[in-house]
Amino acid sequence: MKNSTFFSRLLLVALFCGGSHFLQAQSVIPVPLQMEQTEGAFVFKASQPIYTNLQGEELKLLNATVSSLKYTDNLSAVAKGHIVLEKTESNVPESAEGYTLSVTPQGIRIASRSDAGLYYGLMTVKQMSEKDGGNLRVPACLITDQPRFAYRGFMMDVSRHFRSKEFVKKQIDAMTQFKLNRLHLHLTDGAGWRIEIKKYPRLTEFAAWRPDAVWKDWWFKDNGRKYCEEGTPGAYGGYYTQDDIRELLDYAAKHHITIIPEIEMPAHSEEVLAAYPELSCSGEPYKNAEFCIGNEKTFEFLENVLTEVMELFPSEYIHIGGDEANKNPWKECPKCQQRMKDEGLKDVDELQSYAIHRMEVFLNKHGRKLLGWDEIMQGGLAPNATVMSWRGEEGGLKAVRSGHRAVMTPSEYFYLDYYQDAPISQPEAIGGYVPLEKVYSYDPVKPEMSAEEAALIYGVQANQWAEYIPTDEYYEYMMYPRLLAVAEVGWSVPERKDFADFHRRALKAVDDLSAQGYHPFPLKDEVGHRPESRQPIEHLALNKPVTYNAPFNETYKAAGDKALTDGIRGDWTYSDGRWQGFISRNRLDVTIDLGQSTEIGSIGADFMQAAGPEVFLPAEVIISVSDDGKNFKELKRETHQVSREPGFAFVNHTWTGKTSARYVRYQARSGKELGGWIFTDEIVVLPPR
Ligand code: ACM
């Protein structure tokens, strides 16, 4: 921060006077429900015994992560100067994951109804501990804490780029420090199948391997998107054996994390259908991404796969994907058409719903519940299903209104593969702009929800897809510190949330994570919002009517026919509701009526290049003016070199000079050979200087 204000200096003085313990005590993420700083600190050796009345399996589980644990049936006899973990029903929070923590100069006492709560109390102590010579020091405090939501998750895409089990464990180590408790593994997708299924060896001998390591190369090259045999020289991929999965599950359980497996259906299944083409509508490899729903063999396959998955994973939920199906092949497929006739299904949405219902019946019969992306609502939601809402919040809201549980994962807040800072300052990402503050600002409970509906919000989850994330280091860079904001959204009540305070704690957490060998984004160097977007701009065309000689696109309409003269400039992403998109004949063509003849000194607009989603800078710009709105005088006509260069750019095209006119016309078109989108946020008209 450049402007180190008087106030922030005052605050620093206060912190130093209070001693560094104050800072440490306030460093906990997620912020506890209640926290009171008291006098002094407890100083102890890391090897010091921790006494507990936990027994049996619970004691064994905690012993896996806490080495100096000692059982006693008489905690009250433990002498002062010790750490005590007490499982008890009295004077502890309602939630099994909740705990009370008391630190005094004489010792530490954590109490909870469950081993999970005691574990989380220890996680809080860990975050508050600082080294003091050969000892650890925890500032004295009183904490009462419990989570707001039961489900606090992270989804890891291990299909687009495979991640080793060591990498997964390393992320479990971090997640658990921040009290996240669900790891959703996206195990299958077109880019590679990642779990051994004994009955279908081709899934891992073949569908788990491809000739290109980097997803982008594999996906976009001519004749790409092919698989190869395991062991082919240069083959990239991998999978978890069933033993690997058991090892991961065991590791996660010790860290109070439930792993939820996702097996994608009916779409995102190119890899399965390359290995087992008889399960697709065409019957041929490399033709379909969706299973044939008319074919009984599809259900036999899916049920056999899920049977092995359920034998491995003890989770209450099994995620069956359900997103982004191209249902068109089903319209042409005789088997699918026959299924629709036999089952009285009126359209392909209902055909998808039929498949999801069948999977739910199967899972329920085996004592499990179905979780799926919000598209599983299309054609009718299965009766006991839980919805993961990613296309905004609408799916989740609809789910809770109809009595279903929802996990909120809206992409515009919780997709960690989106840029976290100005794209021009970052390694290439898939797009978007989701800075830490945006993640932190999310609240899954809406004012319009009834208490019953709010209670059905099971929790929140961040999703980190990996198309554009080839390396482990970059994966961590995108994950942290934004995942910490998700942890606080999931755990802490809104009354305790405060972004400025969280930001301060996150800066420390970034240092701590780096010291632990992670590769977080250096938050202290954050560029932040696009400068132009920070405040409205005053200009001559402000609030003046705009005639569209070519229409804007309805999906990217921003403020509609007011967008280009509302003074509001766009941020780093075209999907922020500020940028207006044009794709119709790939051109922008608008006329602004200034209302009367006006002295003009410049006419300009900003454009964006985001090559991945085919947003291109204009190849030609024409700026003209008129007194009668019919006869225009050209002020500027310029052609520009444009290309598919990856990455982002922002360019301004302005005419400057001196003229007088009532009407202003701005035209911009894409390169003929490129096509794609044109995006702009404002036509800025200024008086002569
Ligand atoms: C998704 O992002 N397709 C769930």
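Check the entry above for the structure.
Along each chain, residues carry numbers from 1 onward, in the same order as the chain's sequence is written. Restriction of local features to residues with pLDDT of at least 70 applies here, the model being predicted, together with a cutoff of 80 or more for giving and counting side-chain atom pairs; totals for whole chains, interfaces and linings are based on all residues. With hydrogens and water stripped out, all remaining heavy atoms of the structure feed into the side-chain values.

Engineer: Explain unusual backbone geometry to me, using residue names and the numbers behind them.
Structural biologist: For the peptide bond that leads from Ile-29 to Pro-30, omega is -5 degrees, which places it in the cis range. Among the structural elements, Pro-30 can be located in the loop between α2 (20-25) and β1 (34-44). Cis peptide bonds are those with omega within 30 degrees of zero, and the linkage from Met-265 to Pro-266 qualifies with -15 degrees. Put simply, DSSP H or I for four residues or longer makes a helix, DSSP E for two residues or longer makes a strand, and each gets a number counted from the N terminus. In this fold, Pro-266 is placed in the loop between β15 (258-265) and α9 (270-275). At Lys-179, a position not held by glycine, the phi torsion is positive, near 65 degrees. When you line up the elements, Lys-179 lands in the loop between α5 (165-177) and β10 (182-186). The phi torsion at Ala-558 lies on the positive side, around 50 degrees, for a residue other than glycine. Relative to the helices and strands, Ala-558 resides in the loop between β21 (546-548) and β22 (580-582). Burial classes: relative accessible area under 20% of the type maximum marks a residue as buried, over 50% as exposed, and values in between as partly exposed (1.4 Å probe, protein chains only). Taking the relative accessible area as the measure of exposure, Ala-558 reaches 23% and is therefore partly exposed.

Engineer: Could you give an account of the sheet that holds strand β9 (residues 151-157), with specific residues and numbers?
Structural biologist: Paired through backbone hydrogen bonds, the strands of a sheet run either parallel or antiparallel to each other. The strand order around the closed barrel formed by eight strands is β9-β10-β15-β16-β17-β18-β19-β20, and the pairing between neighbours is parallel. In this sheet, adjacent strand axes meet at a mean angle of 30 degrees when their direction is disregarded. We treat two strands as partners when DSSP finds at least two bridges between them. Alignment of strand β16 (residues 317-321) against strand β17 (residues 369-373), held across three bridges, turns out to be parallel. Bridge pairing in β17 links Tyr-317 to Lys-369. Lines fitted to C-alpha atoms define the axes, with helix axes restricted to the stretch in contact, and inter-axis angles between N-to-C directions lie between 0 and 180 degrees.

Engineer: Give a detailed account of the layout of surface pockets, specifying residues and quantitative values.
Structural biologist: A 1.4 Å probe that fits but cannot get out identifies a cavity on a 1 Å grid over protein atoms alone, an open set with protein on both sides within 12 Å along at least five of seven lines counts as a pocket, and a residue lines either if it has an atom within 4 Å of a point. Grid points are joined across faces, edges and corners, and a volume is the space filled by probe spheres set on the points. If you add up the space inside the largest pocket, you get close to 1200 Å³. As for the largest pocket, its lining consists of 43 residues, of which Ser-411, Tyr-415, Tyr-418, Ile-430 and Gly-432 are closest to the centre. If you list the elements that add at least two residues to the lining of the largest pocket, you get α7 (215-220), α15 (411-414) and α16 (436-440). In terms of residue count, the dominant contributor to the lining of the largest pocket is α7 (three residues). Classification convention: Asp, Glu, Lys, Arg as charged; Ala, Val, Leu, Ile, Met, Phe, Trp, Tyr, Cys, Pro as nonpolar; all other residues, Gly among them, as polar. Looking at the lining of the largest pocket residue by residue, the class counts come to 17 nonpolar, 11 polar and 15 charged.

Engineer: Tell me what's going on with the nonpolar core, and back it up with residues and numbers.
Structural biologist: What is meant by a nonpolar core is a set of buried Ala, Val, Leu, Ile, Met, Phe, Trp, Tyr and Cys residues, joined one to another through side-chain atoms within 4.5 Å. Formed by 127 residues in total, the largest nonpolar core has its most connected members in Phe-154, Leu-183, Ile-195, Phe-301 and Leu-483. It only takes one pair of heavy atoms within 4.5 Å for two residues to be counted as in contact. Aside from chain neighbours lying at most four places away, what touches Ile-195 is Leu-187, Thr-204, Tyr-239, Tyr-240, Ile-245, Ile-263, Val-309, Leu-312 and Phe-313. Within the second largest apolar cluster, 31 residues are counted, among which are Ala-541, Val-621, Ala-661 and Ile-683.

Engineer: Can you tell me about helix α12 (residues 334-343), naming the residues and giving the values?
Structural biologist: Regarding α12, the residues found buried are Cys-336, Arg-339 and Met-340. When α12 is viewed along its axis, its buried side chains cluster within an angular range of 100 degrees and face the same direction. Turned more than 90 degrees away from the buried face of α12, the exposed residues are Pro-334, Lys-341 and Asp-342. Looking at the buried residues of α12, the elements they touch are α10 (296-312), α11 (328-332) and α13 (348-365). Of the residues flanking the end of α12, it is Gly-344, one or two places downstream, whose phi is positive at about 65 degrees. What the arc measures is the spread of directions leading from the helix axis to the C-beta atoms.

Engineer: I'd like a rundown of the packing of α10 against α13, residues and numbers included.
Structural biologist: Axis separation between α10 and α13 bottoms out at 11 Å; the angle between their running directions is 40 degrees. Helix-helix and strand crossings are classified by hand; for α10 and α13 the assignment is right-handed. Judged by residue contacts, Glu-296, Phe-299, Leu-302, Glu-303, Leu-306, Thr-307 and Met-310 of α10 engage Tyr-354, Ala-355, Arg-358, Met-359, Phe-362 and Leu-363 from α13. Of the residues contributing to the contact of α10 with α13, the split by class is nine nonpolar, one polar and three charged. Handedness of a helix crossing follows the sense of rotation of the near helix relative to the far helix, less than a right angle counterclockwise being left-handed and clockwise being right-handed.

Engineer: A description of the pairing of β16 should follow, citing residues and the corresponding values.
Structural biologist: Counting buried residues along β16, five of its five residues qualify, which places the element largely inside the surrounding structure. Inspection of the sheet shows β15 paired to β16 by two bridges, in the parallel sense. Bridge pairing in β16 links Glu-262 to His-319.

Engineer: Before we move on, can you summarise empty space enclosed by the protein with the specific residues and values?
Structural biologist: The tally for this structure, following the rule as stated, stands at two cavities of 30 Å³ or more. Approximately 70 Å³ is the volume attributed to the largest cavity. In terms of lining residues, the largest cavity is bounded by Tyr-419, Glu-428, Ala-429, Ile-430, Tyr-468, Ala-610, Ala-611, Gly-612, Pro-613, Gly-647 and Phe-648. Looking at the lining of the largest cavity residue by residue, the classes come out as eight nonpolar, two polar and one charged. By volume, the second largest cavity is sized at about 40 Å³. Taken together, Met-265, Pro-266, Phe-291, Ile-293, Thr-298, Phe-299, Leu-302 and Ala-355 form the lining of the second largest cavity. Of the residues contributing to the lining of the second largest cavity, the split by class is seven nonpolar, one polar and no charged.

Engineer: Lay out the environment of Gln-37 in plain terms, naming residues and giving numbers.
Structural biologist: Inspection of the secondary structure assignment puts Gln-37 in strand β1. Relative accessible area serves as the criterion here: at 31%, Gln-37 is assigned to the partly exposed category. The sequence separation of Gln-37 and Ile-143 amounts to 106 residues, and the corresponding C-alpha distance is 8.8 Å.

Engineer: Describe helix α19 (residues 482-491), naming the residues involved and giving the relevant values.
Structural biologist: Note: α-helices contain 3.6 residues per turn, so residues at a spacing of three or four share the same orientation. Burial analysis of α19 places 10 of its 10 residues in the buried class, which makes it a mostly covered element. Those residues of α19 that fall on the buried side of the exposure criterion are Arg-482, Leu-483, Leu-484, Ala-485, Val-486, Ala-487, Glu-488, Val-489, Gly-490 and Trp-491.

Engineer: Any chance you could break down the pairing of strand β27 (residues 678-686) for me, citing the residues and the numbers?
Structural biologist: The element β27 is largely enclosed, with a buried count of eight among its nine residues. Judged from the three bridges that link them, β22 and β27 form a sheet pairing that is antiparallel. The partner of Phe-582 across the bridge, within β27, is Ile-678.

Engineer: Could you give an account of the packing of aromatic side chains, naming the residues involved and the relevant values?
Structural biologist: Classification of ring pairs rests on two measures: the distance between centres of Phe, Tyr or Trp rings, Trp counted by its six-membered ring, which must be within 6.5 Å, and the angle between planes, read as stacked under 30 degrees, edge-to-face over 60 and tilted in between. Applying the stated criterion across every chain yields a total of 43 aromatic pairs. Both rings, one in Trp-579 and one in Phe-650, keep their centres 6.0 Å apart while their planes meet at 45 degrees; by these two values the pair is tilted. Highlighted residues: Trp-579 in the loop between β21 and β22 and Phe-650 in strand β26 (residues 648-669), separated in sequence by 71 residues. Phe-650 sits in the partly exposed class, given a relative accessible area of 21%. Taking 5.9 Å as the distance between ring centres and 40 degrees as the angle between the ring planes, the aromatic pair formed by Phe-607 and Tyr-666 counts as tilted. Of this pair, Phe-607 sits in strand β23 (residues 587-610) while Tyr-666 sits in strand β26; the two residues are 59 residues apart in sequence, bridging distant segments of the chain. Assessed through its relative accessible area of 0%, Phe-607 is described here as buried. One aromatic cluster is present, formed by Phe-206, Trp-215, Trp-218, Trp-219, Phe-220, Tyr-227, Tyr-286 and Tyr-468 through successive ring pairs. Lying over the aromatic face of Phe-299, Arg-358 brings its terminal NZ or CZ to 3.8 Å of the ring centre. By definition, being over a ring means that NZ of Lys or CZ of Arg is both within 6 Å of the ring centre and within 35 degrees of the ring normal.

Engineer: Let's hear about the packing of α5 against helix α18 (residues 472-479): which residues, and what values?
Structural biologist: Close contact between α5 and α18 brings their axes to 12 Å; oriented N to C, the two are set at 20 degrees. Taken together, α5 and α18 sit at an angle that is classed as roughly parallel. The two elements α5 and α18 meet at a crossing, and its hand is right-handed. On the side of α5, the interface is formed by Phe-167, Lys-170 and Gln-171, while α18 contributes Asp-472, Tyr-475, Glu-476 and Met-479. Here the contact of α5 with α18 is composed, by residue class, of three nonpolar, one polar and three charged. Throughout, the term roughly parallel applies to angles under 35 degrees, roughly antiparallel to angles over 145, roughly perpendicular to angles from 65 to 115, and oblique to all others.

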